[in-house]
Amino acid sequence: MSAAELGLAGSVFLACAVEAVEALTIVLAVGSTRSWSSAMTGTGGALLVLAALVAGLGPALTQLPIDVLRVAIGGLLLVFGLQWLRKAILRAAGVRALHDEREAYASEQAAARAAGARAASFDGYSFAIAFKGVLLEGLEVAFIVLTFGANQHRIGLAAAAAGAAVLLVAAAGVALRAPLAGVPENTMKFAVGVMLTSFGMFWGAEGAGASWPGADAALLAIVPGVLLVALAIARWLRVSQSATTMREVAPKPAAEREAIGA
Amino acid sequence: MSAARSALLAVWEFVVGDDWRTALGVGLTLAATAALAQTAVPAWWLMPLAVLALLALSIRRERRRR
């Protein structure tokens, strides 16, 4: 497997795993509170829609000329990757709250209980919430599978990496019967943001007609470079955030207290 | 709201998210790289610099909002 293929499989696996953890929380909450069979039917339905989307759009995308594909996919990956990276940096720096699976689980359970009585056979609420949750979380993964896979003509590999992540998370969920709160979601999102941004830069510039020094080997400098910059920004934000907090809680000097009449 | 308008809004929200300025910046960077690639000057260096600036500006905007 080449470095680019390894990057493709790793990025798709991580992105899919982190979205699957969030989808699992929703399915577990409605399943345990209302109806397992309806929640599982909703999950299966959403996975079928996502698979159909990848199977339908994948071959069509690979028919586009390579430069058009690279510039379009590079641009989309950059827009997407910069969003993932910005949110992950802000969470790592403590500016934005971390996603708490236990809190999300409790909130989904409370909503499921408040949704009223359920029918004896098929529970529409469980079906709809599981379907919507899995579909929305899965759309980002389908997008990553399509863009990464189409660009390298390896949609099969990208889909296999996504499938492996779903199976792993589902197996962990079945074994624990609880949301996977211990998974380092933000670290995974950080890594995915770095990969999407790096590959977006590489393919976008190539598609626009630029030639990277060292061709594909340039990725060996781009990925660590983006990672280092992102870590440095997160560190700088954390330090500046703590300095602001210290200033806010520190006792004011006597002259300043007098000036404000304290 | 018509179904087509709702679908377009959903696609916009999905792709562009809450920061349209970054999406615009990416589009302009790709256009500038394509223009530079038509000259004798190497064009690859523009992308890393632009991405660094877009990321920093996007973080600054969100930090100011909070």
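Residues numbered from 1 in each chain as written. Chains lettered and ligands numbered in written order. Predicted model: local features only at pLDDT ≥ 70, side-chain atom pairs only at ≥ 80, totals over all residues.

Draft legend 1. Highlighting the overall build of chain A. In terms of regular secondary structure, chain A is built from nine helices and zero strands. When the helices and strands of chain A are read in sequence order from the N terminus, they spell out α-α-α-α-α-α-α-α-α. Per-residue burial for chain A yields a buried fraction of 45% across its 262 residues. Sequence separation of at least 24 residues holds for 87% of the intrachain contacts in chain A that already meet a minimum separation of 6. (Helix = DSSP H or I, 4+ residues; strand = E, 2+ residues; numbered from the N terminus. Buried ≥ 20, exposed ≤ 12 C-beta atoms within 10 Å, placed from the backbone. Contact = placed C-beta atoms within 7 Å.)

Draft legend 2. Geometry of the overall build of chain B. The number of helices and strands found in chain B is three helices and zero strands. Secondary structure elements of chain B occur, N-terminal to C-terminal, as α-α-α. Computed over the C-alpha atoms, the radius of gyration of chain B is 16 Å, more than 25% above the 11 Å expected from 2.2 N^0.38 for a compact globule of 66 residues. C-alpha atoms of chain B, sized along the principal axes, occupy 50 × 30 × 10 Å. Considering chain B as a whole, with its 66 residues, one finds that 26% of them fall into the buried category. (Rg over C-alpha atoms; globule rule 2.2 N^0.38 Å.)

Draft legend 3. Main features of the confidence of the model for chain A. When pLDDT is averaged across chain A, the result is 87; 94% of the residues are at 70 or more. Taken element by element, the predicted model of chain A shows its lowest mean pLDDT in helix H9 (residues 254-259) of chain A (58) and its highest in helix H7 (residues 185-207) of chain A (92). (pLDDT = per-residue confidence, 0-100.)

Draft legend 4. Region of the structure containing the packing of helix H3 (residues 66-92) of chain A against helix H3 (residues 46-65) of chain B. Contact geometry for H3 of chain A and H3 of chain B: axes closest at 10 Å, N-to-C directions at 50°. It follows that H3 of chain A is oblique to H3 of chain B by the angle criterion. The interaxial crossing formed by H3 of chain A with H3 of chain B has right-handed handedness. Where H3 of chain A abuts H3 of chain B, its residues Leu78, Leu82, Leu85, Arg86, Ile89 and Leu90 of chain A lie against Val51, Leu54, Leu55, Ser58, Ile59 and Glu62 of chain B. (Axes fitted to C-alpha atoms, helices over the stretch in contact; angles between N-to-C directions. Parallel < 35°, antiparallel > 145°, perpendicular 65-115°, else oblique. Left-handed = near helix turned anticlockwise from the far one by under 90°.)

Draft legend 5. Main features of the confidence of the model for chain B. Residue and element names in this part refer to chain B. Mean pLDDT over chain B stands at 90; residues scoring 70 or higher make up 98%. Of all secondary-structure elements in chain B, the lowest mean pLDDT belongs to helix H1 (residues 3-16), at 82, while helix H2 (residues 20-37) reaches the highest, 95. Reported confidences for the modelled complex are a pTM of 0.83 and an ipTM of 0.91.

Draft legend 6. Representation of the interface of chain A and chain B in the model. With 25 residues of chain A at the contact, the number on the chain B side is 26 residues. When contributions to the side of chain A that touches chain B are tallied by element, the ones reaching two or more residues are H3, H7 and helix H8 (219-249) of chain A. The element that contributes the greatest number of residues to the side of chain A that touches chain B is H3 of chain A, accounting for 11 residues. Class assignment for the residues of the side of chain A that touches chain B results in 18 nonpolar, six polar and one charged. (Nonpolar A, V, L, I, M, F, W, Y, C, P; charged D, E, K, R; others polar.)

Draft legend 7. Representation of the nonpolar core in the model. Residue and element names in this part refer to chain A. Formed by 90 residues in total, the largest nonpolar core has its most connected members in Val12, Cys16, Ile89, Val145 and Ala162. Of the residues forming this core, the biggest block, 17 residues, is contributed by helix H1 (residues 3-33). Discounting chain neighbours no more than four positions away, the residues touching Ala162 are Val12, Cys16, Val141 and Val145. (Core = buried A, V, L, I, M, F, W, Y, C linked by C-beta atoms within 7 Å.)

Draft legend 8. Geometry of the packing of H7 of chain A against H3 of chain B. Two elements in contact, H7 of chain A and H3 of chain B, have axes separated by 10 Å at closest approach and are oriented at 140°. Relative to H3 of chain B, H7 of chain A is oriented oblique. Pair H7 of chain A / H3 of chain B crosses with right-handed handedness. Packed against H7 of chain A, whose contacting residues are Thr197, Met201, Gly204 and Ala205 of chain A, the element H3 of chain B presents Met47, Pro48 and Val51 of chain B at the interface. Residue composition of the contact of H7 of chain A with H3 of chain B, by class: five nonpolar, two polar and no charged.

Draft legend 9. Representation of helix H5 (residues 124-151) of chain A. All names here are of chain A. Helix length check: H5, at 28 residues, gives a terminal C-alpha distance of 39 Å against a target of 40 Å (1.5 Å per residue), a fit within 8%. Roughly 30° is the biggest bend found in H5, and it falls at Gly138. Among the 28 residues of H5, 20 are classified as buried, and the element is accordingly described as predominantly covered. Phi turns positive one or two residues past the end of H5, at His153, with a value near 55°. (Expected span 1.5 Å × (residues − 1). Bend = angle between axes of the 7 residues up to and from the residue.)

Draft legend 10. Local environment of H7 of chain A. Over its 23 residues, H7 of chain A extends 32 Å from the first C-alpha to the last, a length consistent with the 33 Å expected when each residue adds 1.5 Å. The buried fraction of H7 of chain A is high, at 20 of 23 residues.

Draft legend 11. Seen up close, unusual backbone geometry. The phi torsion at His153 of chain A lies on the positive side, around 55°, for a residue other than glycine. Summarising the element assignment, His153 of chain A is placed in the loop between H5 and helix H6 (155-176).

Draft legend 12. Inspection of the environment of Ala88 of chain A at higher detail. Within the secondary structure, Ala88 of chain A is located in helix H3. For the pair formed by Ala88 of chain A and Ala17 of chain A, sequence separation is 71 residues and the distance between their alpha carbons is 16 Å.

Draft legend 13. The arrangement of the environment of Met195 of chain A in detail. All names here are of chain A. Checked against the element boundaries, Met195 lands in helix H7. Separated by 122 residues in sequence, Met195 and Ile73 place their C-alpha atoms 14 Å apart. Excluding anything up to four places from it in sequence, Met195 contacts Gly7, Ser11 and Val223.

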